[in-house]
Every structure is written in structure tokens, then in C-alpha cells.
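Next come the chains, spelled out residue by residue.
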Amino acid sequence: MIVQSSNNAAHPPKPPAKALTTQELSTMLGVALEGKTEALISSVNTLEDAERGDLTFLANPKYAGFVAATNASAILVKTDFIVSAEYKGAILRTDDPYNAFLRAVEYFCPLPVLEVGVRHSSSVIAGSAEIHASAHIGANVVIGERCRIGAEAVLRAGVILYDDVQIGEQTILHGNVVCYDRTVIGSRCVIHAGTVIGSDGFGFAENKNDGSFTKIPQVGNVVIGDDVEIGANCTIDRASLRSTRLENGVKLDNLIHIAHNVVIGENTAIAAQTGISGSTKLGKRNRIAGQVGFVGHISTADDVIVYAQSGVAKGIAQKGVYFGAPAKPLMDELRLQAVLKQLPDLIRHSSQ
Amino acid sequence: MIVQSSNNAAHPPKPPAKALTTQELSTMLGVALEGKTEALISSVNTLEDAERGDLTFLANPKYAGFVAATNASAILVKTDFIVSAEYKGAILRTDDPYNAFLRAVEYFCPLPVLEVGVRHSSSVIAGSAEIHASAHIGANVVIGERCRIGAEAVLRAGVILYDDVQIGEQTILHGNVVCYDRTVIGSRCVIHAGTVIGSDGFGFAENKNDGSFTKIPQVGNVVIGDDVEIGANCTIDRASLRSTRLENGVKLDNLIHIAHNVVIGENTAIAAQTGISGSTKLGKRNRIAGQVGFVGHISTADDVIVYAQSGVAKGIAQKGVYFGAPAKPLMDELRLQAVLKQLPDLIRHSSQ
Amino acid sequence: MIVQSSNNAAHPPKPPAKALTTQELSTMLGVALEGKTEALISSVNTLEDAERGDLTFLANPKYAGFVAATNASAILVKTDFIVSAEYKGAILRTDDPYNAFLRAVEYFCPLPVLEVGVRHSSSVIAGSAEIHASAHIGANVVIGERCRIGAEAVLRAGVILYDDVQIGEQTILHGNVVCYDRTVIGSRCVIHAGTVIGSDGFGFAENKNDGSFTKIPQVGNVVIGDDVEIGANCTIDRASLRSTRLENGVKLDNLIHIAHNVVIGENTAIAAQTGISGSTKLGKRNRIAGQVGFVGHISTADDVIVYAQSGVAKGIAQKGVYFGAPAKPLMDELRLQAVLKQLPDLIRHSSQ
């Protein structure tokens with residue numbers, strides 16, 4: 001067992017963020033202050049759970065009813081919002097209360113910042129790997145031959161890179177991420193724990209005589225752009241030839257399956273447990289909900305939205321909202337669902 | 001390579017459980033014995049696969065037909081069950097044969113018991129972590145700053161705890177489990193291999209000009225109660241603010257996705273590959289089957305049952321059984337399915 | 001940090017495959033050559049992406065339109081295929097162009113070959129484990145008591161074997177695979193990264209008084225035959241009693257859930273994100289698409305095909321193609337889908 005003080009630490013203990021008066025807070029956030037100017041704010045919270053000392057916010061009018069009863073010491077609201085007379089704290093007004101709240105979150109709950117320039121003594125790094133001096137290499141990390149790790153990149157404990165992997169600047173790989181050989185990941189990406197990138201695509205040729213399979217070599221790789229975030233325990237398969245690609249700005253939730261030779265267009269976001277079959281290409285700015293399945297070898301246009309649990313069985317050439325299994329334009333699916341709701345009664349009537 | 005004798009061992013080799021005569025077995029289990037008293041029992045098995053020397057059981061009358069042909073040397077049956085004359089082994093009678101069988105399983109197939117007080121020499125433990133002397137810390141475990149590990153807790157090989165993680169007494173974390181910072185896990189929990197707890201929730205604000213995203217800080221944590229079991233390769237996201245919570249006695253199967261700010265009520269059980277979207281709250285004693293999806297920001301009552309592959313699109317205020325996509329009361333879904341089965345023929349008739 | 005030259009290397013740097021003239025290539029592949037005999041071929045690619053120096057192929061007539069515009073220097077086609085006059089490269093003719101192409105892929109893009117006989121200095125191996133001298137044991141691998149590892153088996157970095165695990169000859173376990181105690185894996189298998197084999201089945205007895213659960217001991221194991229491939233981040237649960245079994249030649253894609261006591265018949269293939277509930281038995285040569293769910297305690301015949309997102313709620317006794325939720329013979333589902341497509345209009349008409 002290795003007991004150590006600091007270089008294993010994800011971050012050294014840091015003093016909590018300094019409390020601010022509502023006056024100081026309104027100045028920092030650039031918002032208008034009404035009411036108490038000297039109340040001390042030390043944290044952030046939701047309307048429902050806020051306590052004395054918390055800043056909260058109201059962005060969605062749906063939750064306006066909670067304002068009267070909140071215990072928050074300050075609330076961010078829209079410029080023209082009429083605050084209940086029962087609310088006793090300070091009021092901070094701005095055109096975008098949620099955005100101002102996010103900036104307060106960053107002040108009061110700063111994310112852990114890992115020390116730069118760490119190479120943990122338990123890491124195993126091939127001699128031909130090139131690692132920027134400012135990168136953070138955690139405990140038990142394994143880095144193969146000819147890998148290249150960019151400036152301020154962070155490899156948390158247990159990350160495994162096979163040979164010839166490239167990791168861009170300021171990219172974070174969380175615990176136990178595995179990248180197979182020749183994986184390329186851009187800059188400022190976040191890959192959450194347990195995700196596997198570059199595993200073999202599911203490619204087998206069936207032997208007609210006995211139904212057994214011969215493996216089709218999967219000799220391509222995975223290429224991931226900049227500013228991509230991938231959730232935990234996802235699987236991104238390498239291409240059979242060429243590359244499986246996630247373009248800049250793609251965001252994937254957890255437990256998502258991306259098959260070989262798939263291309264995900266720029267700034268497309270996909271929710272948890274969705275699967276994309278081989279060689280399918282999603283356009284830019286697609287918004288795909290959870291548990292959706294795409295068949296292989298199809299494409300979607302830019303700006304396509306697909307609702308949860310849909311089964312996309314054909315290409316989608318027009319931007320718009322799609323739903324159902326098989327997926328169809330949203331209005332068609334909603335009409336069908338409305339009819340199905342009445343159907344048992346309709347059938348009974350007509351058969352009487 | 002480290003070759004070693006015992007402290008890496010999950011458990012030292014142990015002698016197999018001592019064989020018992022049917023007389024001794026009936027005494028140990030507190031059940032009535034009929035027939036052979038001296039037959040030796042050394043293991044347990046199902047009716048179909050049992051061989052000489054095995055104890056088996058019949059709890060479900062559906063399988064009564066297998067009794068005549070079983071090769072088991074002893075069978076546990078209900079007090080009033082009429083055993084086929086073809087069965088030649090010993091008969092053990094009790095009001096709850098399955099429960100008695102489980103106790104026999106515990107005797108004949110004891111679970112591995114890990115040595116207490118082990119800290120493997122390859123583990124990496126931050127100096128500020130507090131680990132109970134009786135805990136078992138396996139090979140290559142990484143423990144961050146200020147973590148607290150309770151008595152007789154077990155961290156199998158490859159477990160990674162970021163900073164400020166708390167693990168309760170007698171809780172077991174299996175191989176390669178990753179807990180992000182500030183995760184709290186209660187006592188007597190079992191977390192299976194590869195599960196990720198505390199990864200960032202899927203929260204991004206869309207930039208309307210170009211469809212790109214700004215990450216919303218996920219600064220909450222995950223809090224798990226006592227007696228919780230979580231299957232392999234699950235993902236439990238941290239809250240954006242506050243905590244994602246699994247209350248006491250919750251049981252999750254494999255490959256389940258729990259999004260940020262979800263709350264799972266006491267003694268609720270969820271089968272494999274189900275996903276719960278952000279801020280949804282399940283009541284107590286819910287029974288959720290596999291591959292179900294829940295939208296975000298809804299609640300279910302206590303004692304709700306949802307069948308497999310359902311899509312729960314709205315809150316469920318009444319206890320009961322629900323099924324379908326969208327989920328509806330079971331009887332409504334079954335009526336719909338019955339109608340759909342006839343529909344192609346009905347339509348053909350009516351259009352003739 | 002351990003910096004090292006070669007024994008951590010997944011494979012030593014190797015010279016790229018030697019370029020071949022089309023004449024040499026046709027000889028190597030045993031195919032007929034037409035056109036340029038001295039064009040140099042150094043890689044393989046698809047019709048669409050091929051560049052000068054690439055070999056490509058046409059197996060599916062659907063893509064014949066791409067032949068005219070490809071930049072490939074050589075193309076493999078069927079013996080009697082009429083090649084567009086616009087195509088200027090060499091033509092290689094054979095009865096099975098795809099098979100010949102695969103052999104060319106193996107030549108130009110050889111898979112990494114790991115060094116045999118490696119035991120990385122950071123691995124942790126119990127004294128009672130028996131490891132063949134030709135096996136490859138990567139960095140941070142943990143091997144429990146009494147494990148047996150066959151000839152030329154490969155355990156990549158971070159693999160964890162609990163006690164009494166058996167791994168057959170030439171089987172590859174990728175990074176961070178976890179095998180619980182008594183798992184048995186045959187020869188020539190490939191298990192991709194992050195997969196968990198032998199975790200506890202989801203078995204709990206409900207305590208009727210308060211809805212809490214008592215764990216049912218899961219004392220069986222997992223037995224995997226020869227020539228099985230399992231994708232990344234799958235979960236294969238151990239049996240409650242006896243064994244969960246994957247027979248010879250089974251192929252699983254990523255993120256698949258196999259519950260306790262399931263049996264998957266020889267040469268059956270299953271696509272990503274499918275889940276099989278407890279005690280279900282699939283026949284031989286089944287072809288199961290992605291995101292399918294099977295209820296527990298049912299069986300399928302040999303040669304059953306199930307389409308994507310189906311819910312198999314009852315056993316399937318006849319070979320054939322099945323689709324839908326609940327799954328039914330393909331033609332029944334297609335008739336239903338056709339009717340549902342017209343249904344909103346039909347209902348509107350009949351109610352007018």
C-alpha cells in the first residue's frame with residue numbers, strides 16, 4: 001500500500017468559496033438588487049430546498065408558486081417578475097436568471113481542479129509515449145507505445161490507452177476508461193468513467209454450411225473531435241475500415257452504443273441507452289432522446305429531433321420532430337396514439 | 001509481477017462443507033423427515049439436474065411432474081404435498097420448502113468470505129483517508145483524499161474512489177467500481193463490478209445561435225442508503241445541485257441508468273437496462289421490469305408495478321400495475337393488445 | 001511511474017505491410033487480373049473513400065454506381081461483373097470478391113500481435129494460479145487463487161480474475177474485464193473491454209410484511225464455450241445454481257445483459273443492448289437484433305430470427321422471423337404496421 005500526501009490527490013483541500021453580501025453578489029453577477037443588501041450568501045440551491053444563506057433562482061414560471069415559501073436569502077428572477085409579498089429575502093433581477101445562477105454556481109461550488117504535471121508513481125507508461133509536461137497522469141494509468149497526450153490533459157486512475165492513442169489538450173478521461181489502439185480524441189473533451197472507445201465493431205461473415213461465423217477484421221479506428229462529452233459506460237466501436245467519428249461538440253449521455261463506421265454530426269446530443277447501428281450518419285444539431293434505436297446504413301438531416309424509445313428504421317431527410325416505432329413525424333405518431341387510446345371502445349361499439 | 005500466497009486471495013482455500021445425513025439435515029433445517037434417514041447429502045441442485053447426493057426442492061406445483069424422475073437423494077416439499085411413488089429418495093416436509101432450501105444452499109455453498117484487515121501492497125491510498133482496521137482493500141485499489149471506509153467494508157481489486165467518498169460498514173464494492181467525489185454509500189450494500197457512481201448528470205444549455213452547448217456544472221452528489229444492491233455496469237449520475245438518492249433496500253439489476261437528481265424510494269426494485277430520466281422520483285416498493293424508460297420530472301406512488309419495455313411518460317399517482325408505451329393501467333394495455341391482434345382481420349372485413 | 005521499453009508494449013512497432021503490384025496481389029489472392037499489372041497497392045478501402053494505391057471491392061450490386069467514380073487503383077469484382085468504362089484501375093475477378101478482400105485486409109492491416117510469455121511487473125498473481133508460459137499478462141492484471149490460464153491467452157491491462165477462474169488457449173480478455181470466481185471461458189474467445197462475467201444474478205425473495213428483500217444466494221457460475229466473442233461493457237450473470245452458459249461460437253455485441261441461468265445456443269448472434277431474462281434458453285443459430293428483450297423462463301427453437309426492439313414474451317417453438325412487442329411472426333407484425341399506418345384516416349372516415 002502506498003500512503004501519500006498530495007500527488008495522488010485529485011485536488012488538494014481548498015478553502016470554501018468566500019461568502020458574499022447580496023450587494024457584492026449583485027455586482028459580481030451584474031444584476032439589479034432589490035431589498036436587503038447585507039444578507040450573506042454562501043451557497044446555491046433550488047427553490048424548494050434552499051435554506052438561509054442560499055441563493056436560488058426562478059427561470060420557469062411553472063415554479064412561481066414556490067417563491068413564497070422558499071427559505072433562500074436571495075433569489076434571481078426575470079426583470080419584470082412580480083415577486084410574492086410573502087418572500088422576505090433579497091431580489092436580484094436580470095433578463096436571464098438561470099445564466100446568472102450558473103455563474104453563481106461556478107463561484108460557490110467550483111469544480112475540482114487537478115494538479116498539473118503529475119505522473120503518479122504507479123502509472124505504467126511506454127517509453128515511446130509523448131506526454132506533455134503539464135498533463136496529469138493518475139494512479140495505475142497504463143499508456144501504450146507511441147501515445148501522445150496533450151497539455152493539461154487529465155487521465156484519472158485506471159485509464160488504459162492501448163498503442164498509438166492521441167489525447168488532445170485539456171481533455172479529461174475519468175476512471176477506468178479504455179481506449180483501444182489508434183483512438184484519436186480532440187481537445188477539451190470529457191469522457192466519463194468506464195467508457196470503452198475503439199473496441200471491435202460487430203462484424204462477422206456467416207458460414208452458410210453450419211451457421212458459424214468468421215470474424216471480419218476491424219482495422220479502422222475512432223476519431224473524436226473537440227469539446228465532446230461522453231457519459232459513463234458507453235461503447236464506441238472502431239470502424240471496420242476508416243473511422244467511426246464523433247464531430248466537434250457532440251454530447252452523449254450514459255450507456256450509449258455507437259457501432260462501427262457511425263458518424264455523429266457536430267453539436268448533436270444523444271440521451272442515455274440509445275444505440276446507433278453500423279454506418280449510420282446523424283446530421284448536425286440532432287437531439288436524440290433516450291432508449292432510441294437506429295438501424296444501420298441510414299442518414300438523418302441536420303436539426304432532427306427524435307423522441308424517446310423510437311425505432312428509426314429509415315433515413316430522415318427533413319428536419320423536424322420524429323417519434324414512434326417505426327419513427328414517423330411527431331404529428332402522425334400523436335394522431336396514431338390518440339386513435340389507439342379510443343380503439344378498444346370503438347371496436348366494441350362497431351361490433352355490437 | 002507480484003507473486004504472493006495469501007493476502008491477495010479473495011479467500012483462502014477452504015474445505016468443502018461437510019456432508020450431512022438426511023437425519024442431520026432435517027434437524028439442521030428444522031423440517032420433518034420421511035423415508036431414508038442415512039442417505040448422505042453433499043450438495044444442492046434443481047429437480048432436473050440433481051444427482052445422487054443432492055438435496056432438491058419443489059416449491060412451485062408447476063414442476064411437480066419432475067419429482068418422479070429426479071435423481072436427488074432428498075427433496076424438500078410442502079407439508080401436504082403427495083410425492084410420486086416413483087421417487088425413491090428421502091422426503092423433507094415444511095411449510096416453506098424454498099426458504100429451507102435457501103438455508104441448505106448457504107450451508108453447502110457458502111459465499112466467499114474475504115479476509116478482514118487486508119490492505120494490498122499495490123493499493124494507493126491518500127494520506128487523509130480514514131480506513132477502518134477491519135476493512136479489506138484489494139489490489140490496485142485507489143482511494144482519494146478524506147475518504148472514509150467503514151468496518152468490514154470490502155473494496156475488491158481495481159476499485160477507484162475519488163475524494164471525499166464515504167463507504168459504510170460491511171459494504172462490498174466489486175472489481176473496477178468507480179465512485180466520483182463526495183459519493184456516500186450506506187452499510188451492507190453490494191455494488192457489482194464496473195458500476196459508475198457519481199458521474200456528471202447530462203446537463204447542457206443550448207446556445208441558440210449555433211446549436212452548440214455550454215456545460216451546466218453538476219455539483220451535487222449521489223447518496224445511497226443501507227442494504228442497497230446495484231448490478232454490474234450501471235451508471236448513477238450525481239445531482240446538478242443536492243443529491244441523487246437511492247433509499248434503503250433498493251435493488252438494481254445490471255446496465256441501469258439513473259440520471260441526475262433522481263430519487264428511488266425504499267425497497268424499490270428495478271430490472272436490467274431500465275433508465276430513469278432526470279429529477280424523476282419513484283415511490284416505495286415499486287417493481288420496475290427490464291428495459292423500461294421513465295421521462296424526467298415525474299413521480300410514481302408507492303407500490304407501483306411497471307411491466308417490461310414500458311415507456312412511462314406521465315406521473316403515476318395510484319398504486320397498481322402499468323404497462324405499455326405510453327404506460328397505462330395493465331387492463332387498458334391488455335385490452336389494446338387484444339384489439340390490435342384482431343385488427344388486421346377486422347379492417348379487412350370492414351373494407352370488403 | 002514505470003517507464004519501459006518493450007514488455008509493456010501491446011506490440012512492438014512493426015514495419016507497414018510491403019506494397020504489392022497488382023500482378024503480385026492477384027497471385028497472392030488467387031484471382032484473375034485484368035488491366036494494369038504494375039500498379040502499386042499499399043492499402044485497402046471502401047469504393048467511396050478509396051484513393052490512389054488502394055484496393056477496393058464490389059460485392060453488393062447495390063453499390064455498382066460507385067465504381068465509375070472510385071479512385072481505387074484496383075477493384076475486386078465478381079467474375080461476370082461488367083465494369084464501367086469510366087473506371088481506370090486494375091480489375092481483379094473472383095467468385096467471392098468480399099472474401100478475397102478480407103484476405104487483402106489481413107495482409108495490409110495485420111492485427112496487433114501481442115508478445116507471448118509476458119508477465120508485466122505490475123501484475124498481481126496469486127501463488128496458486130497456473131499460468132501457461134506462453135500467456136501474455138498485461139499491466140495491473142490481478143489473478144486470484146487457483147486460476148488457470150491457457151497457452152497464448154492474453155490478459156490486457158487491468159483485467160481482474162477472482163479465484164478459480166479458467167481461461168482457455170488463445171483467448172483474449174481486453175482492458176478492465178472482470179471475471180468473478182469460478183468463471184470458465186473456452187479457447188479462442190475475445191472478450192472486449194469493461195465486460196463483467198459472473199456477477200450475481202438478480203435474485204431476491206420479497207418479505208411480504210414490508211416489501212423489503214432477502215438476497216437469494218447466487219452460487220452457480222458462468223461457462224463460456226470456444227470461439228465466443230463478447231462486446232464491450234456487457235454483463236453476464238452467474239447462475240443461482242448450476243451455470244449460465246454461452247455455447248461454442250456465440251457472438252454478442254456491446255452492452256448486452258445475460259441474466260442468471262440463461263443458455264445461449266451454439267453460433268447464436270445477438271446485437272447491442274439486447275437483454276435476456278433469467279433461465280431463458282435460446283436455440284442454435286438464432287439471430288437477435290438490437291434492443292430486444294426476452295422475458296424469463298422461455299425457450300426459442302434453432303434458427304430463430306428476431307428483429308430490433310422486439311419484446312419476446314412467450315417461447316418460440318418454430319424457426320422463422322419474429323418482430324414486434326409482443327413478438328409475432330414477421331408477416332403478422334408487418335400486416336399490423338400497415339394497418340396502423342392507415343388507421344387514423346380509416347377511423348376519421350368511419351366516424352364521419
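**Student:** Account for the overall build of chain A, naming residues and giving values.
**Tutor:** Along the backbone of chain A there are three helices and 39 strands. Referenced to the eigenvectors of the C-alpha coordinate spread, the extents of chain A come out at roughly 80 × 80 × 35 Å. A buried classification covers 58% of the 352 residues belonging to chain A. Looking at chain A alone, contacts between residues at least 24 apart form 19% of all its contacts between residues at least 6 apart. When the accessible surface of chain A is totalled, it reaches about 13800 Å², and 53% of it is carbon and sulfur.

**Student:** So what's going on with the interface of chain C and chain A? Residues and values would help.
**Tutor:** Across the contact, 63 residues belong to chain C and 66 residues belong to chain A. The junction of chain C with chain A conceals about 4700 Å² of combined surface from both sides, 59% of it contributed by carbon and sulfur atoms. For the pair chain C and chain A, the number of links is four salt bridges. The residue D49 of chain C makes a salt bridge to R242 of chain A at a minimum N-O spacing of 2.4 Å.

**Student:** So what's going on with the packing of aromatic side chains? Which residues, and what values?
**Tutor:** Here the structure, examined in full by the defined rule, presents 24 aromatic pairs over all chains. Note on F57 of chain C and Y98 of chain C: the rings are 5.3 Å apart at their centroids and 40° apart in plane angle, and the pair reads as tilted. Highlighted residues: F57 of chain C in strand 6 (residues 54–57) and Y98 of chain C in helix 2 (residues 97–108), separated in sequence by 41 residues. A relative accessible area of 26% means that Y98 of chain C is categorised as partly exposed. Members of the aromatic cluster, joined through ring pairs, are F57, Y98 and F101 of chain A. Here the basic side chain of R156 of chain A rests over the ring of Y162 of chain B, its NZ or CZ set 3.6 Å away from the ring centre.

**Student:** Quick rundown of the relation of the copies chain C and chain A? Include the residues and the values.
**Tutor:** For the pair chain C and chain A, the best superposition has an RMSD of 0.1 Å and corresponds to a rotation of 120° with a translation of 0.0 Å parallel to the axis. In short, the pair behaves as if placed about a three-fold rotation axis.

**Student:** Tell me about the interface of chain B and chain C, and please be specific about residues and values.
**Tutor:** With 63 residues of chain B at the contact, the number on the chain C side is 67 residues. Its salt-bridge partner being R335 of chain C, residue D345 of chain B comes within 3.0 Å of it at the nearest N-O pair. Inspection of the chain B/chain C interface yields 25 residue pairs in polar contact (both at pLDDT 80 or more). Those elements giving two or more residues to the side of chain B that touches chain C turn out to be strand 1 (2–4), helix 2 (97–108), strand 28 (251–252), strand 31 (269–270) and helix 3 (330–350) of chain B. The leading source of residues in the side of chain B that touches chain C is helix 3 of chain B, at seven residues. Across the side of chain B that touches chain C, the residue classes tally to 29 nonpolar, 24 polar and 10 charged.

**Student:** I'd love a proper account of the side chain of Q273 of chain C, names of residues and values included.
**Tutor:** The topology assignment puts Q273 of chain C in the loop between strand 31 (269–270) and strand 32 (275–276). Look at Q273 of chain C and you get buried, because its relative accessible area is 8%. From its side chain, Q273 of chain C meets the backbone nitrogen of G275 of chain A in a polar contact 3.4 Å long.

**Student:** Go over helix 1 (residues 22–29) of chain B, please, and point to the residues and values.
**Tutor:** Residues and elements named next belong to chain B. Restricting attention to buried positions, one finds in helix 1 the residues T22, L25, S26 and L29. Seen along its axis, helix 1 keeps its buried residues to an arc of 100°; they face one direction. Of the residues flanking the end of helix 1, it is G30, one or two places downstream, whose phi is positive at about 70°.

**Student:** Quick one: what's the story with the pattern of salt bridges, residue by residue and with numbers?
**Tutor:** All names here are of chain A. In total, this model carries 39 salt bridges over all chains according to the counting rule given. Among the salt bridges present, the one from D181 reaches R182, with a minimum N-O distance of 3.4 Å. A relative accessible area of 11% means that D181 is categorised as buried. We classify R182 as partly exposed; its relative accessible area is 34%. Among the charged side chains, a network of salt bridges with common partners joins D181, R182 and R238.

**Student:** Could you give an account of the confidence of the model for chain A, naming the residues involved and the relevant values?
**Tutor:** All names here are of chain A. Looking at chain A, pLDDT values average 92 and 94% of them are 70 or higher. Throughout residues 3–13 the model reports pLDDT below 50, and contacts reaching past four residues in sequence, or to other chains, amount to 36 contacts. For this predicted complex, the interface score ipTM comes out at 0.90, alongside a pTM of 0.91.

**Student:** An account of the state of the cysteines is requested, with residue identities and associated values reported.
**Tutor:** What is meant by a disulfide is a covalent connection between two cysteines, made through their sulfur atoms. Here the structure, examined in full by the defined rule, presents zero disulfides over all chains. The thiol of C109 of chain B is unpaired, and the distance to the nearest cysteine sulfur, on C147 of chain C, comes to 19 Å.

**Student:** Could you give an account of helix 2 of chain C, naming the residues involved and the relevant values?
**Tutor:** Its 12 residues give helix 2 of chain C an end-to-end C-alpha distance of 16 Å, which sits within 8% of 16 Å, the value for a rise of 1.5 Å per residue. Listing the buried residues of helix 2 of chain C in full gives P97, A100, F101, L102, A104, V105 and F108 of chain C.

**Student:** So what's going on with the environment of R156 of chain A? Residues and values would help.
**Tutor:** Position of R156 of chain A relative to the elements: it lies in the loop between strand 14 (154–155) and strand 15 (160–161). Placed 105 residues apart in sequence, R156 of chain A and N261 of chain A show a C-alpha to C-alpha distance of 28 Å.

**Student:** Explain the sheet that holds strand 5 (residues 43–44) of chain C to me, and be specific about the residues and the numbers.
**Tutor:** Residues and elements named next belong to chain C. Pairing is mixed across the open sheet formed by five strands, whose spatial order is 3-8-7-6-5. Because the sheet does not close on itself, it has two edges, and the strands there are strand 3 (32–34) and strand 5. Where strand 5 lies against strand 6, two bridges are found, and the strand directions are parallel. Looking at strand 6, one finds that S43 is bridged to D54. Along the sheet face, helix 1 (residues 22–29) touches strand 3, strand 6, strand 7 (74–78) and strand 8 (90–94) and points at about 10° away from the line of strand 8. Helix-sheet contacts for helix 2 involve strand 5, strand 6, strand 7 and strand 8, and the interaxial angle to strand 6 is about 155°.

**Student:** Account for the sheet that holds strand 28 of chain B, with residues named and values stated.
**Tutor:** Residue and element names in this part refer to chain B. Spatially, the 11 strands line up as an open sheet ordered 11-14-17-20-25-28-31-34-36-38-39, and their pairing is mixed. Each edge of the sheet is formed by a strand with only one pairing partner; in this case those strands are strand 11 (136–137) and strand 39 (328–329). Sheet topology places strand 17 (residues 172–173) next to strand 20 (residues 190–191); two bridges connect them, and they run parallel. Bridging from a neighbouring strand, L173 pairs with I191 of strand 20.

**Student:** Account for the side chain of D54 of chain A, with residues named and values stated.
**Tutor:** Turning to its location among the elements, D54 of chain A is positioned in strand 6 (residues 54–57). For the buried D54 of chain A, no salt bridge is present, and the opposite-charge side chain at shortest range is R242 of chain B, 9.2 Å distant.

**Student:** If you had to explain the pairing of strand 8 (residues 90–94) of chain B to someone new, which residues and values would you point to?
**Tutor:** Residues and elements named next belong to chain B. By the criterion of burial, strand 8 is predominantly enclosed, with five of the five residues buried. Along strand 8, one buried face is formed by A90, L92 and T94 and the opposite face, lined by I91 and R93, is buried too. The sheet contact formed by strand 3 (residues 32–34) and strand 8 spans three bridges and is antiparallel. Paired with A32 across the strands is R93, a residue of strand 8. Where strand 7 (residues 74–78) meets strand 8, five bridges bridge the pair, whose relative direction is parallel. Among the inter-strand pairings, I75 is bridged to a residue of strand 8, identified as I91.

The rules behind each value
- Residues numbered from 1 in each chain as written.
- Chains lettered and ligands numbered in written order.
- Predicted model: local features only at pLDDT ≥ 70, side-chain atom pairs only at ≥ 80, totals over all residues.
- Heavy atoms only, no water.
- Helix = DSSP H or I, 4+ residues; strand = E, 2+ residues; numbered from the N terminus.
- Buried < 20%, exposed > 50% of the residue type's maximum accessible area, 1.4 Å probe, protein only.
- Contact = heavy atoms within 4.5 Å.
- Areas by Shrake-Rupley, 256 points an atom, 1.4 Å probe, with all protein chains shown as cover.
- Buried area = accessible area lost by both parts, 1.4 Å probe.
- Salt bridge = Lys/Arg side-chain N within 4 Å of Asp/Glu carboxyl O.
- Phe/Tyr/Trp six-rings, centres within 6.5 Å; stacked < 30°, edge-to-face > 60°.
- Lys NZ or Arg CZ within 6 Å of the ring centre and 35° of its normal.
- Least-squares fit on C-alpha atoms with pLDDT ≥ 70 in both.
- Polar contact = N/O pair within 3.5 Å; in protein donor to acceptor, adjacent residues only side chain to side chain.
- Nonpolar A, V, L, I, M, F, W, Y, C, P; charged D, E, K, R; others polar.
- Arc of directions from axis to C-beta.
- pLDDT = per-residue confidence, 0-100.
- Disulfide = S-S within 2.5 Å.
- Expected span 1.5 Å × (residues − 1).
- Pairing = 2+ DSSP bridges.
- Axes fitted to C-alpha atoms, helices over the stretch in contact; angles between N-to-C directions.
- Lys, Arg positive; Asp, Glu negative; His and termini not counted.

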